[in-house]
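One-letter residues, chain by chain:
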There are 2 protein chains.
Amino acid sequence: MATPPGRGPLPHGHVTLSDVARFVGVSAQSVSNALNNPGRVAPETREKILSAVEQLGYRPNRSARALRNQRSRLIGVRVEPSRDDRAALLLDQFLHALAESAAATGCHLILCQADGEDSEVAAYRELLSTTSVDAFVLTGAHAGDSRVAALRELGVPFATFGRSWDGDDDLAWTDVDGRAGLHAATAHVAAQGHTRIAHVGWPEESDTGRDRRAGWHDACTDLGLGVDLHEEVADDFDEGRAAAHRLLDRADPATAITCASDTLALGVVRALAERGLRPGGDVAVTGFDNSPAAALSTPGLTSLRQPLEQVAHDLVGAIEELLHGSATPQQTLLQPELVVRASSLRGPAHDAHPSPARPLTPPPEETP
Amino acid sequence: MATPPGRGPLPHGHVTLSDVARFVGVSAQSVSNALNNPGRVAPETREKILSAVEQLGYRPNRSARALRNQRSRLIGVRVEPSRDDRAALLLDQFLHALAESAAATGCHLILCQADGEDSEVAAYRELLSTTSVDAFVLTGAHAGDSRVAALRELGVPFATFGRSWDGDDDLAWTDVDGRAGLHAATAHVAAQGHTRIAHVGWPEESDTGRDRRAGWHDACTDLGLGVDLHEEVADDFDEGRAAAHRLLDRADPATAITCASDTLALGVVRALAERGLRPGGDVAVTGFDNSPAAALSTPGLTSLRQPLEQVAHDLVGAIEELLHGSATPQQTLLQPELVVRASSLRGPAHDAHPSPARPLTPPPEETP
DNA sequence: CTGTTAGCGCTTTCAC
DNA sequence: GTGAAAGCGCTAACAG
């Protein structure tokens, strides 16, 4: 396929605006208007143009639009390195959901990659400086998040998966109510007859960790149970395992252990096995995230499912609002769903088929 | 941060080519040449230009470039819906690795989303028609893959993770040697003293499934063991579980079960538990993928790690070659790595700390 | 070796 | 209501 020598760049066989214009017998501007500014063109002309667009299969060129408008309909997302010793970052499902929600508003996702939080901002900056990116989605926001400050300074709209935790009303975020989740999980094991209920969570510095632990704490207090059984560790399998051993070595040991993550919970399960104890039958265990590992481990691990499709939908909605110049950023708190499996059930280690259970808390409540 | 009105030539404060040109006192063209065509500019001028580029922090605008060159340095990838009842699609790690490799060559990943293989082509088409995408990465290629034909017709370069399996020399692919992997896994359990070694794999229609089963078959034959113990099922936890029950119900039951995936293997582990058998001690079990679920389950599941970083690197390399007009597409077969854990070890259900073991097969061999 | 010209596809003025 | 002009930032072609 030889390219005829000439001045301009290579032809690419795509239908352009002027192709449509020529076809209909109007100017390119009218076609543009018919598409983007329907009011400014006569209904009759509009009809003809739209049918020609359809017929020729015209699709606007994103690069040209981006060049002209400074808006690319591209949303930047970071992919972080995933460790195979952690029970899934959910990035997988989240990205799919995000891509789907974005597509619904004509947007696409562009990835940038960074290994740490510092290089993350550098990656955003790099993407912004070379590519027209309309907005970013950040994951795992936390109090005093340097990324938030940096993106604000760059003047680019963004929404975060995770609250700011410092009462920042100017931040658009969507988050999952970990506190309600752990309240539900704790109440669930209490309903199985447990009274010595422990929590293995993340260190005090983690906002999300504190939130989840508070759910356990509240539930225990509500039920008149003690709150002395808790451990704060990093989100690591072996840390969870070690924490479980400590909780079981106590004089009055735990008979149920709620965890801030599936990774920790699966570490706890390992510890039980090392002591000849059975999850469910001897000690109830619950996790958080409903990762594949929770569903596939034996016995199945009771966990809390995050409604990632809804999270993605709300984040895209929040961004869309930001781009349309909304004054008040959208903030949404979603409820996780308790998925009960054998690890938290007494009796034979029979897995109920993964069946969602209602959280104790009220249905999703949006804070607009 | 308000943009001072009417001052800067740029709406968003980005440094452009002509800014650099004006700064140095040359034409925009020379700056462009200094960057993209170093030979065509005097070394001295080049120095000055490059230092100005550095100083002003100039970054070329991707949209403008794409518009002009029909090349965007964007690689399209599909994200598929992930089921939480499967042991990870590895998409997570793969995407990160891919984004990293792409970044090394100045490319970025743009996502498209599709639920099935048919809508996948539609998604590619949509992306191509609106966005300048230089190439695609396909995952899970198989014989008679409709996507391959469709992308060829569209004339877009692409590389696949997974062989074509129909001896297509024109296809650029990278794949992992599942046959060698299962050979290694089978030999490993044989070395533990097992002689009744089964395989739970995918249906005959699956090329990858046949390949992996062949590895098991070869190893058994090499070792003088029978090859009657096998089941072909869909990649599903419950299917794996049921298959294991069938294999253990036989008159001369299996004492070791190698599987085509971690999902199947974890189903097998569940079946063992239901019969009061211990993985490792009673029946050895191995999976494939080394998913988080394998590392975190108890006992740890012996599995085969796919070298995803290398896969990603090779795929990007293959695409790069394609874009530079290489005649022979790059085809690479990589070796998986056996990760031995307690599920395949006799004796106390003690997990060795996840430690890589060499496959029996020769080191990575590249077919250029 | 360097500058000028032209144009990629699109949309925001501003005439008509 | 419609079209003509201009230009977003960049680079291939062709002078000078």
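Conventions we followed
- Residues numbered from 1 in each chain as written.
- Chains lettered and ligands numbered in written order.
- Predicted model: local features only at pLDDT ≥ 70, side-chain atom pairs only at ≥ 80, totals over all residues.
- Heavy atoms only, no water.
- Near = heavy atom within 4 Å.
- Polar contact = N/O pair within 3.5 Å; in protein donor to acceptor, adjacent residues only side chain to side chain.
- Helix = DSSP H or I, 4+ residues; strand = E, 2+ residues; numbered from the N terminus.
- Nonpolar A, V, L, I, M, F, W, Y, C, P; charged D, E, K, R; others polar.
- Core = buried A, V, L, I, M, F, W, Y, C linked by side-chain atoms within 4.5 Å.
- Buried < 20%, exposed > 50% of the residue type's maximum accessible area, 1.4 Å probe, protein only.
- Contact = heavy atoms within 4.5 Å.
- Phe/Tyr/Trp six-rings, centres within 6.5 Å; stacked < 30°, edge-to-face > 60°.
- UniProt positions renumbered as here; feature names shortened; annotations may be inferred.

J.: Quick question: what am I supposed to make of the protein's contact with DNA strand D here?
T.: With respect to spatial proximity, 26 residues lie near DNA strand D, and among them T45 of chain A together with L17, Q29, Y58 and R68 of chain B are the closest. When atoms of DNA strand D within 4 Å of the protein are split into backbone and base, the sugar-phosphate part holds 63%. Contact distances for DNA strand D include 2.9 Å between a phosphate oxygen and a side-chain N or O atom of S30 of chain A. Contacts to DNA strand D include Y58 of chain B, whose side-chain N or O atom sits 2.6 Å from a phosphate oxygen. Of all the secondary-structure elements, those providing two or more residues to the surface near DNA strand D are helix 2 (28-36) and helix 4 (62-69) of chain A together with helix 2 (28-36) and helix 4 (62-69) of chain B. Looking at the surface near DNA strand D, the element that brings in the most residues is helix 4 of chain B, giving four residues. The residue inventory of the surface near DNA strand D, partitioned by class, reads 10 nonpolar, 11 polar and five charged.

J.: Quick question: what am I supposed to make of the nonpolar core here?
T.: With 56 residues, the main nonpolar core has F94, L95 and L109 of chain A together with F94, L95 and L109 of chain B as its most contacted residues. The contacts of L109 of chain B, once residues within four sequence positions are left out, are L109, I110 and L111 of chain A together with I75, V77, L95, L98, A99 and A102 of chain B. Within the second largest apolar cluster, 54 residues are counted, among which are A260 of chain A together with F237, I257 and L266 of chain B.

J.: How should I be thinking about the packing of aromatic side chains in this particular structure?
T.: Two aromatic rings are characterised by how far apart their centres lie and by the angle between their planes. Throughout the structure, instances matching the rule amount to four aromatic pairs over all chains. With a centroid separation of 5.1 Å and 40 degrees between ring planes, the pair formed by F94 of chain A and F161 of chain A is classed as tilted. With a gap of 67 residues between them, F94 of chain A in helix 5 (residues 91-104) and F161 of chain A in strand 4 (residues 158-161) connect regions that are remote in the sequence. Exposure class is identical for F94 of chain A and F161 of chain A. Each is buried. Seen from their ring centres, Y124 of chain B and F136 of chain B are 4.4 Å apart, and the 45 degrees between their planes marks the pair as tilted.

J.: Help me understand the UniProt feature "domain: HTH lacI-type" (unreviewed entry) in chain A, please; the structure alone is not making it clear to me.
T.: UniProt's entry tags residues 15-69 of chain A with the feature "domain: HTH lacI-type" (unreviewed entry), counted in the numbering of this structure. Helix makes up 71% of residues 15-69 of chain A and strand 0%, whereas the separation of the span's terminal C-alpha atoms amounts to 20 Å.

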